[in-house]
Amino acid sequence: MFYREAGQFKTSYAADMSIFPIRQDRIALGLLLAFAFLGVPLLAVLGVGSFGHDYIFKAILIPFLILALAAIGLNILTGYCGQISLGGGAFMAIGAYASYNFALRIPELPLLASILLGGGMAALVGILFGIPSLRIKGLYLAVATLAAQFFFDWVFLRVKWFTNYTPSGSVNAPRLDFFGWVVSSPVERYMLALMFVTAFALIAKNLVRGNIGRQWMAIRDMDIAAELMGIRPLYAKLSAFAVSSFIIGVAGALWAFVHLGSWEPLAFNIDRSFQLLFMVIIGGLGSILGSFLGAAFILILPIFLDQVPHALGIPMSVETVSHLVFIITGALICSLLIVEPHGFARLWGIAKEKLRLWPFPY
Amino acid sequence: MARKSWVLAAAAALVGAGSALPAAAQNEQFLPALVYRTGPYAPNGIPFANGVADYWNLVNERDGGINGVKIVFEECETGYATDKGVECYERLKGKGPTGAGYFSPLSTGITFALTEKAPGDKLPLLTGGYGRSESRDGSVFTWNFPALGTYWTAADVAIQHIAKELGGMDKLKGKKIALMYHDSPYGKEPIALLQERSKLNGYELMLIPVTHPGVEQKSQWLQIRQNRPDYVLLWGWGVMNSTAIKEAAAVAYPRDKMIGVWWSGAEPDVTPAGDQAAGYKALMLQHGSGKYPVHAAIEKHVYGKGMGAAKPEDVGHVLYNRGMINSMIGVEAIRTAQKKFGNKPMTGEQVRWGFEHLNLTAERIKELGFEGMIQPLRFSCADHEGARMSRVHQWDGKAWKVISDWYQGDDKVLAPMVKETAAKYAKEKNITPRDCSKVE
Amino acid sequence: MANLGPFLEVLIGGLLAGVLYSLVALGFVLIYKASGVFNFAQGAMVLLAGLALVRSLDLLVDRGLPFGFAVVGALLFAGAIMAITAWLIERYVLGPLVNQNELTLFMSTIGATFILEGAAQMLFGSDVYPLQLYPTDAWILLGELFPGGILISKLDVWGGLIAGVLVAGLAGFFQWTKTGRALRAVADDHAAAQSVGIPISWIWFVVWLAAGLVALVAATVWGTKLGVQFSITFLALKALPVLIIGGFTSIPGAIVGGLIIGAGEKIAEIYLGPHIGGGIEYWFAYVLALAVLLVRPQGLFGERIIERI
């Protein structure tokens, strides 16, 4: 009824190639962004409902945004280019530690530059660890990327230079000063993360629509066929590794600077890598929107489930709750995969299709 | 229809979980407990959490709360994971009429993360026996209270004990001491002190890291077998401890030459190794295992009413006692704060004041039923550790037996290191240290 | 000569330790071979089997049963638990996911991992439970030849023997029994196997049961080594490099991979580790596996990957 593009004509190539061809999508996205950028801070200032507390920002929104950014990065590699990676945590760690060192050792560098340079370092290492992908495929590659994960876990524990010789090896984020804007309150941190995520989501969306993105997808769908068609696997795969690692690296720097404030290598361990892969698979491979949905599901569901018994006043010991959270999360993952193996993004697509036809199913 | 009602119920639950908290009674002190009763470190996390809960229940049941202010507490499962711990902290910090009194995360990683957050929220962190060693310097670390002892104190006492076994500090010269440590900030904390001491006392320090979680240690122990260090200091947590003891037995390294830190000296560390653990020694965070008058009170008032958290036979285990002492220090800090601010629920800021002015005298400890477990503690602006005392106990195959006198961490070595590292931290974080001579 | 003794000791210790990883890796291979599923839940299955075993064993011993009978009873109980698990996973997780791509299947086993970890701890507790089924002391051999002799852990030898018996048994099962032959047919081509009347869901149940029993055997050895506790699930991560070196589809490959990884990581840790800071064996195993993959992308014994357009 409302969601139908009848009557929207495209009169130019530019309109045909626009990022959101349907007007309703543009309006919805505009509203969503307006709510995220203006509505949420306003609600926080007014103290409406749970937006009045730090909790929603510090424990839910900020980690959600940053992990969604990392998931977008991983989705480029795994979802668009078909290279399964379990090294996400390592690239986050590289981004975090590299940014830390840039900020520490070149104090005149603006913080934004440090963060982007951190992403750049992650991209370089990503290219290096991407080279085996030219020969190793599928799950063998996934296990091989664990080499990067464990190697960098070790490097950041052992090489004291990276942690500025602190006795325990844990480091602290610098002051978050972006060209005079000192980010400190939860709402400001949220805004910062939101800006990064919006910018990178837009960049990623445009990349995957363009020439390079189509090369990635060709490689994903069948690399030998793509090669025969004249796509160079070396260039396509390594560029996917570079772009993906760059975004993950930036997300890592944000995770360390904006979310944690003080961290140790354990913050980026193997669990983080798995978590990112879950987000991408559950959200939907090859979908930017899916990265957000997957991040929301994997991050927020356990937190939510954890609080249900308490909120409803059911007396239950924390270990029972924790076990139940495990079981229910696992069961939901399994049932979601059974219902829709291609994740939330596909479910969303189906819903959109239904909405277009509604209320007349034919 | 059925589906719709399900969705509605879920939405209602979401709203409930997100915002509306039941209106709390005004005369309640909310205390959060970050626990890990599941996951890889659960065997060590469970007894500690039980001790914490039982003591709070005791205060409620026997005394009707702290000077009439009832303790309300809520556990939050962290699974020893830093991000989960931070989430729990954010979830619990604002609950109750005055917010959380203090936090006690029982994980070095979570402690580091919260150290950044606590000053902004004005919440004290009680990290009895763990956390940053330099955080004992209260002029820089206003909100941290590493009560009872830091890792540097522990390392110092361990070296003193070895020296005593050898027959004097001068006998350390030329000896070889290995540190086998959990490869994380926790395990790396003592290295700085051991290196400092090795310069001073002339022993050779061998560093042997064990990767988390420490299920496989064959190469580490073959290294020890080949290098034959005179002593092995064990700085492990969870499965790493029992595995180390078993592997030590397998390579026939004498268990009585192994000294664990106080996080490597409890029942879950030795029982999986069975008889092979006999002779193994560990530092005590002042206290050991066993029952004291306070346990009788707990058995009567808490277990007698069926409110006990632990299995009755586990009451009095090392980590259980540690949880209890942890709670006791927190409760006494609140009591101290109430003396200044009145007998009502305290805010985090007031509890912090209470910690800093807490003076647990021998009489008070006896009154509380802890005599023999701990020594007097006195905190101040400059000293957030309270005391630097420790003993050594040994597992005889059935129970922990105290085998040494009290040692005191040597401040000639410790104080300059604390000062230097704390100053570095202050500079990095742009903190102006408080002038402790001016703090009342 | 003075250095040869310690070197031999490290080599032998490493080889045997590697076989213990193989015990876990075997479960992965069985399931991948028969169904193309990369079963991440194998670590959780070891935990579940171990907890079921040790908890029922303690209960039976408390009831006054002689230790031998109690062990048999506990093994039967744990075996039954694994059978139920296999049936549930086949019925409710993998059955509905037939013909999905391998990443989806992999993800679904991670879902199963969560369920198993939660359920195992909920049913049997999350404490540490000591288990003592094999001797854990050591022999010192060749003491007259090398100073200090060569130390060999008895538990490792037991683990090696058990792994050998398991591999021989599984090879025989695949080679000579009807179910085994059906299994190989299914592994080759699901559709073709189905069309000649092989009941796929029964076959998959058998495979998951076999993997569950392998997990139980692994749990007896690792439970004796570590005590049964949650950390046992981390063994999955130590088994992965073993798995890729051997190849996902080869049962003997799992053993050979274990030998290579075990010896490689121990030698690296002891002879290379001290020079660069120690603690390297975790990543070294993976880098070793990566190096092997660069030469043979399907592992040493994996089936050759043939790609068609």
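About the thresholds
Residue positions are given per chain, counting from 1 as you read along its sequence in written order. Throughout, the order in which chains and ligands are written sets their labels, letters from A for the former and numbers from 1 for the latter. pLDDT decides what is reported in this predicted model: residues at 70 or higher carry local features, side-chain atom pairs at 80 or more are listed and counted, and totals for whole chains, interfaces and linings draw on all residues regardless. Derived side-chain values reflect all non-hydrogen atoms in the structure, with water molecules and hydrogen atoms excluded from consideration. Comment: elements are numbered from the N terminus, with helices defined as DSSP H or I runs of at least four residues and strands as E runs of at least two. The globule rule is 2.2 Å times the number of residues to the power 0.38, and the radius of gyration it is compared with is taken over C-alpha atoms. We call a residue buried when its accessible area falls under 20% of the maximum for its residue type, exposed when it is over 50%, and partly exposed in between, using a 1.4 Å probe and counting protein chains only. The contact definition used throughout considers only heavy atoms, calling two residues in contact when any of these lie within 4.5 Å. In the cavity and pocket records, a cavity denotes points on a 1 Å grid over the protein atoms alone where a 1.4 Å probe fits but cannot get out, a pocket denotes an open set with protein on both sides within 12 Å along at least 5 of 7 lines, and lining residues are residues with an atom within 4 Å of a point. Grid points are joined across faces, edges and corners, and a volume is the space filled by probe spheres set on the points. Throughout, the ten residues Ala, Val, Leu, Ile, Met, Phe, Trp, Tyr, Cys and Pro are labelled nonpolar, Asp, Glu, Lys and Arg are labelled charged, and all others, Gly among them, are labelled polar. Each Phe, Tyr or Trp ring, with Trp reduced to its six-membered ring, pairs with another whose centre is within 6.5 Å; inter-plane angles below 30 degrees give stacked pairs, above 60 give edge-to-face pairs, and intermediate values give tilted ones. Placement of a positive charge over a ring is assigned whenever Lys NZ or Arg CZ falls within 6 Å of the ring centre and within 35 degrees of the normal to the ring plane. Buried area adds together the accessible area that both of two parts lose upon being put together, with accessible area traced by a 1.4 Å probe. Salt bridges are identified by distance alone: a Lys or Arg side-chain nitrogen within 4 Å of an Asp or Glu carboxyl oxygen. Definition of a polar contact: a pair of N or O atoms within 3.5 Å, with one able to donate and the other able to accept a hydrogen when the atoms are protein atoms, and with sequence-neighbouring residues admitted only if both atoms are side-chain atoms. Lines are fitted to the C-alpha atoms to define the axes, a helix being fitted only along its stretch in contact, and any angle between axes, read from their N-to-C directions, falls within 0 to 180 degrees. Angle categories: roughly parallel below 35 degrees, roughly antiparallel above 145, roughly perpendicular from 65 to 115, and oblique for all the rest. In a left-handed crossing the near helix is turned counterclockwise from the far helix by less than a right angle, and in a right-handed crossing that turn is clockwise. A helix is expected to reach a length of 1.5 Å times the quantity of its residues less one. Residues form patches when they are more than 30% accessible in relative terms and have no salt bridge. Like charges link within 9 Å. Nonpolar side chains (Val, Leu, Ile, Met, Phe, Trp, Tyr) link within 5 Å. Using the Shrake-Rupley algorithm and a 1.4 Å probe, accessible areas are obtained, with residue cover drawn only from the displayed protein chains. Pairing between strands is defined by DSSP: at least two bridges between the two strands are required.

1. Topic: the overall build of chain B
1) Next: Within chain B, the secondary structure is distributed over 14 helices and 14 strands.
2) Next: Against the compact-globule benchmark of 22 Å for 440 residues, chain B has a radius of gyration of 22 Å, which places it among compact chains.
3) Next: In terms of principal-axis extent, the alpha carbons of chain B reach across some 70 × 60 × 45 Å.
4) Next: Within chain B, the fraction of its 440 residues that count as buried is 65%.
5) Next: Look at the contacts in chain B between residues 6 or more apart in sequence, and 72% of them connect residues 24 or more apart.

2. Comments concerning the layout of surface pockets
1) Next: Estimated volume of the second largest pocket: approximately 1,300 Å³.
2) Next: Ala 173, Pro 174 and Arg 175 of chain A together with Glu 116 and Lys 429 of chain B are the residues nearest the centre of the second largest pocket, which is lined by 45 residues in total.
3) Next: For the lining of the second largest pocket, the elements supplying multiple residues, two or more each, are α3 (54-80), α4 (88-105), α5 (111-130), α7 (186-209) and α10 (233-260) of chain A together with α4 (108-121) and α14 (411-429) of chain B.
4) Next: It is α4 of chain B that provides the largest number of residues to the lining of the second largest pocket, a total of six residues.
5) Next: Here the lining of the second largest pocket is composed, by residue class, of 23 nonpolar, ten polar and twelve charged.

3. Section: empty space enclosed by the protein
1) Next: This structure, assessed with the given rule, holds 13 cavities of 30 Å³ or more.
2) Next: Space inside the second largest cavity adds up to approximately 310 Å³.
3) Next: Taken together, 21 residues line the second largest cavity, and the ones lying closest to its centre are Asp 153, Leu 266 and Asn 269 of chain A together with Thr 211 and His 212 of chain B.
4) Next: Of all the secondary structure elements, the ones that give two or more residues to the lining of the second largest cavity are α6 (138-158) and α11 (270-283) of chain A together with α11 (281-295) of chain C.
5) Next: Per element, the largest residue contribution to the lining of the second largest cavity is four residues, and it comes from α6 of chain A.
6) Next: The residue makeup of the lining of the second largest cavity, split by class, is twelve nonpolar, five polar and four charged.

4. As for unusual backbone geometry
1) Next: Put simply, His 212 of chain B and Pro 213 of chain B share a cis peptide bond, and its omega is -5°.
2) Next: Positioned with a positive phi, Tyr 165 of chain A is a non-glycine residue whose angle comes to about 55°.
3) Next: Within the element layout of this structure, Tyr 165 of chain A appears in the loop between α6 and β1 (171-172).

5. Overview of the packing of aromatic side chains
1) Next: Applying the stated criterion to the full structure yields 54 aromatic pairs over all chains.
2) Next: Taking 5.6 Å as the distance between ring centres and 85° as the angle between the ring planes, the aromatic pair formed by Tyr 102 of chain B and Phe 355 of chain B counts as edge-to-face. On the criterion of sequence distance, the pair formed by Tyr 102 of chain B in the loop between α3 (82-92) and α4 and Phe 355 of chain B in helix α12 (residues 348-356) is long-range, its members being 253 residues apart.
3) Next: Seen from the ring of Tyr 92 of chain C, Arg 91 of chain C lies directly overhead, with NZ or CZ sitting 5.0 Å from the centre.

6. Some details on the interface of chain C and chain B
1) Next: Across the contact, 42 residues belong to chain C and 31 residues belong to chain B.
2) Next: Overall, the association of chain C and chain B removes approximately 3,000 Å² of surface from exposure, summing both partners, and the carbon and sulfur fraction of that is 56%.
3) Next: Where chain C packs against chain B, one counts four salt bridges.
4) Next: Glu 216 of chain B serves as the salt-bridge partner of Lys 266 of chain C, at 3.1 Å between the closest nitrogen and oxygen.
5) Next: The interface formed by chain C and chain B includes eleven residue pairs in polar contact (both at pLDDT 80 or more).
6) Next: With six residues, helix α1 (residues 4-35) of chain C is the single largest residue contributor to the side of chain C that touches chain B.
7) Next: Of the residues belonging to the side of chain C that touches chain B, the class tally is 18 nonpolar, 14 polar and ten charged.

7. Things to note about the packing of helix α5 (residues 151-166) of chain B against α14 of chain B
All names here are of chain B.
1) Next: Packing of α5 against α14 brings their axes to within 11 Å, and their N-to-C directions diverge by 155°. Overall, the two elements α5 and α14 adopt an arrangement that is roughly antiparallel. Seen along the crossing, α5 lies across α14 with a hand that is right-handed. Judged by residue contacts, Trp 152, Thr 153 and Asp 156 of α5 engage Val 413, Leu 414, Met 417, Val 418 and Thr 421 from α14.
2) Next: Residues belonging to the contact of α5 with α14 are distributed by class as follows: five nonpolar, two polar and one charged.

8. Overview of the environment of Met 284 of chain B
Residue and element names in this part refer to chain B.
1) Next: Examined against the element boundaries, Met 284 turns out to sit in strand β9 (residues 281-284).
2) Next: In this structure the C-alpha to C-alpha distance between Met 284 and His 212, which are 72 residues apart in sequence, comes to 24 Å.
3) Next: Residues contacting Met 284, with those up to four places away along its chain left out, are Trp 262, Ser 390, Arg 391, Val 392, His 393 and Val 402.

9. Quick word on helix α14 (residues 343-357) of chain A
All names here are of chain A.
1) Next: The end-to-end C-alpha distance of α14, which contains 15 residues, comes to 22 Å, matching closely the 21 Å that a straight helix rising 1.5 Å per residue would cover.
2) Next: Along α14, the residues classified as buried are Gly 343, Phe 344 and Ala 345.
3) Next: Buried residues along α14 sit in contact with α11, α12 (288-311) and α13 (318-339).

10. Examining a nonpolar patch on the surface
1) Next: A contiguous nonpolar surface patch, about 360 Å² in accessible area, is contributed by Leu 128, Ile 131, Leu 134 and Leu 234 of chain A.
2) Next: Considering the arrangement of structural elements, one finds Leu 134 of chain A in the loop between α5 and α6.

11. Details of the pairing of β9 of chain B
Residue and element names in this part refer to chain B.
1) Next: Inspection of the sheet shows strand β8 (residues 258-260) paired to β9 by two bridges, in the parallel sense. By the bridge assignment for β9, Gly 260 is matched with Ala 282.
2) Next: Where β9 meets strand β12 (residues 389-395), four bridges bridge the pair, whose relative direction is antiparallel. Directly across from Ala 282, in β12, lies its bridge partner His 393.

By themselves, these figures tell us nothing about what the structure is for.
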